[in-house]
Amino acid sequence: MILNTCEFLAMNNPLRAAMQRHLEARWFLREGGAMNGGRALEIGCGRGVGAGIIADRFQAAAVDAFDLDPRMIARAERRLAGRRNVKLWTGDATLIQADDATYDAVFDFGIIHHIPEWRAALAEVCRVLKPGGRFYAEEVLKAFILSPIWRRLLDHPLEDRFDHREFLDGLARAGFTVVAEKPLWNCFGWYIADKKA
Ligand SMILES: C[S@@+](CC[C@H](N)C(=O)[O-])C[C@H]1O[C@@H](n2cnc3c(N)ncnc32)[C@H](O)[C@@H]1O
């Protein structure tokens, strides 16, 4: 599901970029380490801030990234122009355009809660990871999505959302072993999980 105007503005500003750089990426690096080479995928890449972080701070050799919303991909293309190791396309996380076992790591900066069939997205992430590959995910939980104020302001699927425990269960069912996890105020969850070898 693409973003409504309110969330589009919330995602396309310097504050969101600072949160990705200084909070989310920092925790991912501390708990999960850098890649130091290898091929990464970012699902729901938005305007491309995450793909730049993955290349620069996680030291991926190549970064593929896609988003359902062509407006986001147009922004990402402008931001990442000139980076020869980044490839962008418009696509859907429930049907990832990549062969099985392609990537060493997959990154999710807050997108799976936008997907009605979120378990299908987890299964796709697992499919495209190499055995032992790492999934870095930051997610928004149902207590936030279903709260009256955010329901009014934002546009999310409302059926079958997940809390922290349900997302952990989804990861296990998709074929991951969770390496690190952190719930924040029952509203957000940060996860690092490896595809079983
Ligand atoms: C909350 S925004 C996060 C954007 C970016 N990752 C960031 O952290 O700034 C969620 C993004 O997921 C994208 N999205 C929603 N459903 C998707 C799907 N099924 N496949 C790929 N991207 C999707 C939206 O277009 C949007 O750009």
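None of these values were measured; they are calculated from a predicted model. (Residues numbered from 1 in each chain as written. Predicted model: local features only at pLDDT ≥ 70, side-chain atom pairs only at ≥ 80, totals over all residues. Heavy atoms only, no water.)

1. Considerations on the pattern of salt bridges
A side chain with one charge may pair with a side chain of the opposite charge, provided their charged atoms come close. Using the criterion set out here, one finds 12 salt bridges in the structure. A salt bridge links Asp56 to Arg83, with the nearest nitrogen and oxygen atoms 2.9 Å apart. Taken together, the residues Asp56 in helix H3 (residues 49-56) and Arg83 in the loop between helix H4 (70-80) and strand S3 (86-90) connect sequence positions 27 residues apart. Overall, Arg83 belongs to the partly exposed group, its relative accessible area being 30%. Within this structure, Arg16, Glu24 and Glu138 form a network of salt bridges that share partners. (Salt bridge = Lys/Arg side-chain N within 4 Å of Asp/Glu carboxyl O. Helix = DSSP H or I, 4+ residues; strand = E, 2+ residues; numbered from the N terminus. Buried < 20%, exposed > 50% of the residue type's maximum accessible area, 1.4 Å probe, protein only.)

2. What to know about helix H2 (residues 14-32)
For H2, with 19 residues, the first-to-last C-alpha span of 25 Å sits near the 27 Å given by 1.5 Å per residue. In H2, a bend of some 35° at Ala25 exceeds every other bend along the element. Within the sequence span of H2, burial applies to Arg16, Ala17, Gln20, Glu24, Ala25, Trp27, Phe28 and Gly32. Looking at the buried positions of H2, the neighbouring elements they touch are helix H1 (5-11), H3, strand S4 (103-109), strand S5 (129-140), strand S6 (176-184) and strand S7 (188-195). Looking at the residues trailing H2, positive phi occurs at Gly33, about 75°. (Expected span 1.5 Å × (residues − 1). Bend = angle between axes of the 7 residues up to and from the residue. Contact = heavy atoms within 4.5 Å.)

3. Description of a positive patch on the surface
A grouping of Arg21, Arg26, Arg57 and Arg79 is seen on the molecular surface, where their side chains present a positively charged patch. Examined against the element boundaries, Arg21 turns out to sit in helix H2. Taking the relative accessible area as the measure of exposure, Arg21 reaches 33% and is therefore partly exposed. (Patch = residues over 30% accessible without salt bridge, like charges linked within 9 Å, V, L, I, M, F, W, Y side chains within 5 Å. Areas by Shrake-Rupley, 256 points an atom, 1.4 Å probe, with all protein chains shown as cover. Lys, Arg positive; Asp, Glu negative; His and termini not counted. Charge placed at Lys NZ, Arg CZ, Asp CG, Glu CD.)

Geometry only, nothing functional implied.
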